[in-house]
Amino acid sequence: MRRVAVVGAMVLLPLVVVGVVLSQTSFDGFDGGAGPLLLVLVVGPLVAAAGWWWQKKRHEALAAWAASVGWEYPRSDPGYGLGRVHQGRPFGRGHSRQVREVLTGRWQGLPAVSFTYQWSTGSGKEERTSQAHVVGLALPAYLPTLELTPEGVGARLAKLVGAQDMQLESQAFNEAYRVAAGDERVAHAILHPRLMERLLQADARDTAWRIEGTWILSWETGSTDTARIAPRLGVLEAVVRAVPRHVWQDHGYDPVTHPGVAAS
């Protein structure tokens, strides 16, 4: 993926240079408005072609990555309803929402997915488009909402306006994460000392994740980064494997009689 980005930049840079040169050139025989018009006619198609080429190469790279790990690359949502599986961020924001660059497969025996979620805010000259790279694991049963976000400016601002922040037995954990839960009893059962210790390890401390319904998802700003899929799914898997058996049983699933999720 990084190679595609570098090659794409190499293609686009000359186009930018051409545009600058054309914009500074005086065209004999043309009136003052002809220069910008010629600039649009010459550079516009080149930029569009470069964008098409870059997207083509990106799709090829994602398809190659999927093939290398035994996943599939359907590109668009294969019918999971990925744009609506969760209510919390980054979902439900702005307008023109899209699910793109969808990768599907299995992670340590669990159904897994990766995709780019895109949305826009504002309109006209004020319109801004944002993206988030989402990865997730499908759960064998519905669980109440449980969200962990690393402490930082965003979490502190959220708490200032009254956002929930459960306090657990570990002070180090409380300082590292903001915890919000739909059912605090279930949250305390899931976030037992062993899982809290795991989530304080370096690979997990910057990972935001949420259990909601039948999915556990993690999101990061930006488009799909295949190098980040495995590390983040590893954190999500650790959470799923740590859910106590009695919590699953309370929600209609037994990992012992229906193997697939190890009992904690």
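Residues numbered from 1 in each chain as written. Predicted model: local features only at pLDDT ≥ 70, side-chain atom pairs only at ≥ 80, totals over all residues. Heavy atoms only, no water.

## Considerations on unusual backbone geometry
The step from R89 to P90 runs through a cis peptide bond, and the omega angle for that step is 5 degrees. Note on placement: P90 falls in the loop between strand 1 (72-75) and strand 2 (95-107). Of note, S96 is a non-glycine position whose phi angle comes to about 55 degrees, a positive value. Here S96 lies in strand 2. In this model, Q108 sits at a positive phi of 50 degrees, which is unusual for a non-glycine residue. Judged by its relative accessible area of 49%, Q108 falls in the partly exposed class. (Helix = DSSP H or I, 4+ residues; strand = E, 2+ residues; numbered from the N terminus. Buried < 20%, exposed > 50% of the residue type's maximum accessible area, 1.4 Å probe, protein only.)

## As for the environment of D225
With respect to the helices and strands, the residue D225 is situated in the loop between strand 6 (209-221) and helix 7 (229-242). Remark: the alpha-carbon pair of D225 and T116, spanning 109 residues in sequence, is separated by 9.2 Å. Of note is the side chain of D225, whose polar atom sits 3.1 Å from the backbone nitrogen of A227. (Polar contact = N/O pair within 3.5 Å; in protein donor to acceptor, adjacent residues only side chain to side chain.)

## Remarks on the nonpolar core
With 46 residues, the main nonpolar core has L146, L191, L199 and W209 as its most contacted residues. Beyond its immediate chain neighbours, meaning those up to four positions away, L146 contacts V179, A180, A181, A187, I190, L191, W209, R210 and I211. Membership of the second largest hydrophobic core comes to 16 residues, among which are L82, F91, V102 and W215. (Core = buried A, V, L, I, M, F, W, Y, C linked by side-chain atoms within 4.5 Å. Contact = heavy atoms within 4.5 Å.)

## Comments concerning helix 7
Relative to the 20 Å expected for 14 residues at 1.5 Å per residue, helix 7 spans 20 Å between its end C-alpha atoms, a close match to the ideal helical length. Among the 14 residues in helix 7, 10 count as buried, and that is most of the element. Buried residues of helix 7: I229, R232, L233, G234, V235, L236, E237, V239, V240 and A242, and no others. (Expected span 1.5 Å × (residues − 1).)

## Some details on the environment of A238
In this structure, A238 sits in helix 7. On a C-alpha basis, the gap between A238 and L195 in space is 7.7 Å, while along the polypeptide they are 43 residues apart. When sequence neighbours within four positions are dropped, the list of residues in contact with A238 reads L195 and R198.

## Some thoughts on the packing of aromatic side chains
Aromatic rings considered in pairs are described by the distance between their centres and by the relative angle of their planes. A complete count under the given rule lists seven aromatic pairs for this structure. Arranged with centres 5.5 Å apart and planes meeting at 80 degrees, the rings of W65 and W71 form a pair that is edge-to-face. Of the two residues, W65 and W71, neither departs from the other in class, the shared state being buried. For the pair Y117 and W119, a centre-to-centre distance of 5.7 Å together with 35 degrees between the ring planes defines the contact as tilted. Across this residue pair, the class does not change: Y117 and W119 are buried. Grouped by ring-pair contacts, the aromatic residues F91, F115, Y117 and W119 constitute a single cluster. (Phe/Tyr/Trp six-rings, centres within 6.5 Å; stacked < 30°, edge-to-face > 60°.)

## Examining the pairing of strand 2
Bridge analysis of strand 1 against strand 2 gives two bridges, and the strand direction is antiparallel. Each bridged residue has a counterpart across the sheet, and for R75 the counterpart in strand 2 is V102. Bridging between strand 2 and strand 3 (residues 110-121) involves nine bridges; their strand directions are antiparallel. Its bridge partner being in strand 3, L103 is matched across the sheet by S114. Taken together, strand 2 and the strand that follows it, strand 3, pair antiparallel across an intervening segment of two residues, in which Q108 is found at a positive phi of about 50 degrees. (Pairing = 2+ DSSP bridges.)

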